[in-house]
Amino acid sequence: MSHSENAAPSNKLVRALIYTVLIFFVIYYLLPLYVMLVNSVKTLEDIRTGNLMALPKLLTFQPWRDAWSNAQIGVEATGLKPYFANSLMIVVPAVALSTITGALNGYVLTKYRFPGADIVFGMLLLSCFIPFQIVLIPAARILGLIGWSGTIQGLILIHFVYGIGFSTLFFRNYYAAFPTELIRAAQIDGASFFQIFRRILLPSSGPIIVVTVIWQFTNQWNDFLFGASFSGYTSTPITVALNNLVNSSTGVKEYNVHFAGAVLAALPTLIVYIVSGRYFVRGLMAGAVKG
Amino acid sequence: MASLTIDNLHKSYGATKVLKGINIEIEDGGFLVLVGPSGCGKSTLLNTIAGLEEITEGDIRIGGTSVAGLHPSKRDIAMVFQSYALYPNMTVAQNISFGMEIRKIDKPTREAAIKRVADVLQIEELLKRKPSQLSGGQRQRVAMGRALVRDPQVFLFDEPLSNLDAKLRVDMRTEIKRLHQRMGTTIVYVTHDQIEALTLATKIAVLKAGELQQFGTPDEIYNDPINMFVAEFMGSPSMNLLDCDVTNEDGLMLRLAGGQYPDVVLPAPDCDGLARYVGQTVKLGVRPEALTDPEGANRSTDRIVEAMCYIDVVEPAGSDTFAVAKIGAFEAIARLRADAQITPGELTPLAFNMSKAVFFDPATQQRIR
Ligand SMILES: Nc1ncnc2c1ncn2[C@@H]1O[C@H](COP(=O)(O)OP(=O)(O)O)[C@@H](O)[C@H]1O
Ligand SMILES: [Mg+2]
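Being a predicted model, the structure only gives us computed values, none of them experimental.

> Sorry, what's going on with the environment of A:L242 here?
Residues and elements named next belong to chain A. As for its position among the elements, L242 is in helix α12 (residues 238-247). Here L242 falls in the buried class, since its relative accessible area comes to 16%. When the C-alpha positions of L242 and P56 are compared, they lie 23 Å apart, and in sequence the two are 186 residues distant. Among residues more than four places away in sequence, those in contact with L242 are L80, H258, G261, A262 and A265.

What follows is the structure in structure tokens.
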């Protein structure tokens, strides 16, 4: 009794402290987003004469329209639209491929163990820690050899291969906690390797699929280095295009268009997080607790 | 239905030998229980029968045909796992019919089979539920249903009841026995619970560290154990194993040193082997029910010998009363009638049923016959 009475006030104090710190960080992280959003709906005049933090005097969506379809990027005034499409065409297949491969790897590494499985896994893990810069030149050489330099499929390949390490790590740890008896039961029921994967393992992999997709999508969408190194005229991803937009040296700097473009470029990852963030946390926890 | 033969079976994981030359034969319709302490290789043996583990050496035959190298689904077996291993994303009905679905059996046949099994196990009302919505006992039933529906030659059970609470365990044990009597299918059943082994089996195989200790009927295993391990492992409370000196004074006598209390002296029963141990110490094995109050002793044998023993603790257990007797350095558990008059801290006469006594060589731990 007396214990809980003593505990209550100090508990409240701790809570207040925690919330203060949390709110501080929320503001700290939301401020840049606020600046971007607010200035993307101001006129250029407004930005030049006013303050970065101030609300717009006159609300306008023209910067968004310009950034999307009119802005001068490189030599042509196409806006970010075609580059956004490039990014989608690169990232969606690369995410799908690296996720499926990671799931299959995890399945084999945990449930169809073979001699040396741990060494293979160790080497796959190592690939997570190799800095991008180290592989640039060999990768360029390989893309050149197979004739995929500067193409969409070239970038898909690079992102796909680079994603395998992490997706394998995620799935392997998740499947390590998956009961082996279920696999055995399915074997006795006569299910084949792929039937077990599709009918037993995948339906129980929801959380880890979400985690992997978010992880891969964010990394690949936000990638700049591979995009800048390996893309060609028709395969430039949006991150590189945004850079070109902001750094174009001709004419006046249209900050409002730049802000709008930056938000546009960040939008898909934001949406992915908002839609599936709940599952993301749940998936990470599931792996952590069971593993 | 089929007989099952395990012929000189060896299984190693790399350098670790898990099974070391197992020989077991169970007749068509038999109920074989594999029993032994945790880690002795019971599950491994069962998995090799199922084809889930490859064998290193030897052979396994079901109905006289070798199944070595055959895929689990081709061996005509069904297995119930300790964790039940129900597919979490499927309903009970889908769980039961998954194997048939894989074998591309048409829907009406599948549904008829589900219905038949659900009827036998009384799980009709559960068919549409997911495993997560079932209690432990219900999951157990569904797991059995998934095995039953295959109508196999041999059923394999790996500690199917060990995750249930005590009451349910007893109920399900009876139910498994009833199912076996009804269908007459050969069963191999793994447990570390010796009561389950004794109640269910037609044949028991006692394993220890990958070696078969004894293979026989429950009666043989219980009353005629081959060594001290089997004697101690089977039975609850376990058999009393007491040091005694073999002397020859007008016939073979056994003397149990009493320490501060009088020695317990018993005439040796008919046991030719004992003659070789005169002047030596052997282990006398008496089960608690063969050590009782004189009034409660079984009078159908003339081998009842009374001796004064110091009673240390008395534990009433409803139907019986257990008493711990101190004989020298040893504690012997006696099983008395519930209403036996007995007081702890006193010397009391106890009746030894010497017709049930067994003897072991303390060095080799083997039975003296
Ligand atoms: N995959 C494996 N690799 C190495 N050793 C194993 C493997 N599986 C089981 N063992 C060992 O084999 C022995 C028997 O295991 P198991 O058959 O599961 O025992 P039980 O079912 O009787 O408790 C144990 O000592 C265990 O450590
Ligand atoms: Mg086991």
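There is more to say after this.
> Where do I start with the domain arrangement of chain A in this structure?
Buried accessible area, meaning the area lost when the parts come together, often serves as the stated size of an interface. All names here are of chain A. Along its sequence, chain A is carved into domain 1 (3-66) and domain 2 (81-290). The gap between the C-alpha centroids of domain 1 and domain 2 is 31 Å. Listed by partner, the interface residues are 12 residues for domain 1 and 10 residues for domain 2. Across the interface of domain 1 and domain 2, roughly 1000 Å² is buried in total on both sides, 84% from carbon and sulfur atoms. Of all residues in domain 1, the largest losses of buried area upon contact with domain 2 belong to M36, L44 and W64, amounting jointly to 51% of the total for that side. Summed over the shared surface of domain 1 and domain 2, the number is 0 salt bridges. Elements supplying a minimum of two residues to the side of domain 1 that touches domain 2: α1 (2-40), α2 (44-49) and α3 (62-70). Sorting elements by how many residues they give to the side of domain 1 that touches domain 2 places α1 first, with 5 residues. For the side of domain 1 that touches domain 2, the per-class residue count stands at 7 nonpolar, 3 polar and 2 charged.

> I keep staring at the site of ligand 1 and nothing clicks. Help me out?
Residues and elements named next belong to chain B. What surrounds ligand 1 is the set Y13, V18, S38, G39, C40, G41, K42, S43 and T44. For ligand 1, an oxygen atom lies 3.3 Å from a polar atom in the backbone of C40. Contact with the protein chains removes 56% of the 560 Å² of surface that ligand 1 exposes when unbound. Ranked by residues supplied to the shell around ligand 1, first place goes to helix α1 (residues 42-50) with 3 residues. For the shell around ligand 1, the residue count by class is 3 nonpolar, 5 polar and 1 charged.

> Explain the pairing of strand β13 (residues 264-267) of chain B here, please?
All names here are of chain B. Only one face of β13 is buried: it carries V264 and L266, and the other face, with V265 and P267, is open. As paired strands, strand β12 (residues 252-256) and β13 are joined by 4 bridges and run antiparallel to one another. Its bridge partner lying in β13, M253 is registered against P267.

Each value, and the rule that gives it
Residues numbered from 1 in each chain as written. Chains lettered and ligands numbered in written order. Predicted model: local features only at pLDDT ≥ 70, side-chain atom pairs only at ≥ 80, totals over all residues. Heavy atoms only, no water. Helix = DSSP H or I, 4+ residues; strand = E, 2+ residues; numbered from the N terminus. Buried < 20%, exposed > 50% of the residue type's maximum accessible area, 1.4 Å probe, protein only. Contact = heavy atoms within 4.5 Å. Domains from an automatic or database assignment. Buried area = accessible area lost by both parts, 1.4 Å probe. Salt bridge = Lys/Arg side-chain N within 4 Å of Asp/Glu carboxyl O. Nonpolar A, V, L, I, M, F, W, Y, C, P; charged D, E, K, R; others polar. Near = heavy atom within 4 Å. Polar contact = N/O pair within 3.5 Å; in protein donor to acceptor, adjacent residues only side chain to side chain. Areas by Shrake-Rupley, 256 points an atom, 1.4 Å probe, with all protein chains shown as cover. Pairing = 2+ DSSP bridges.

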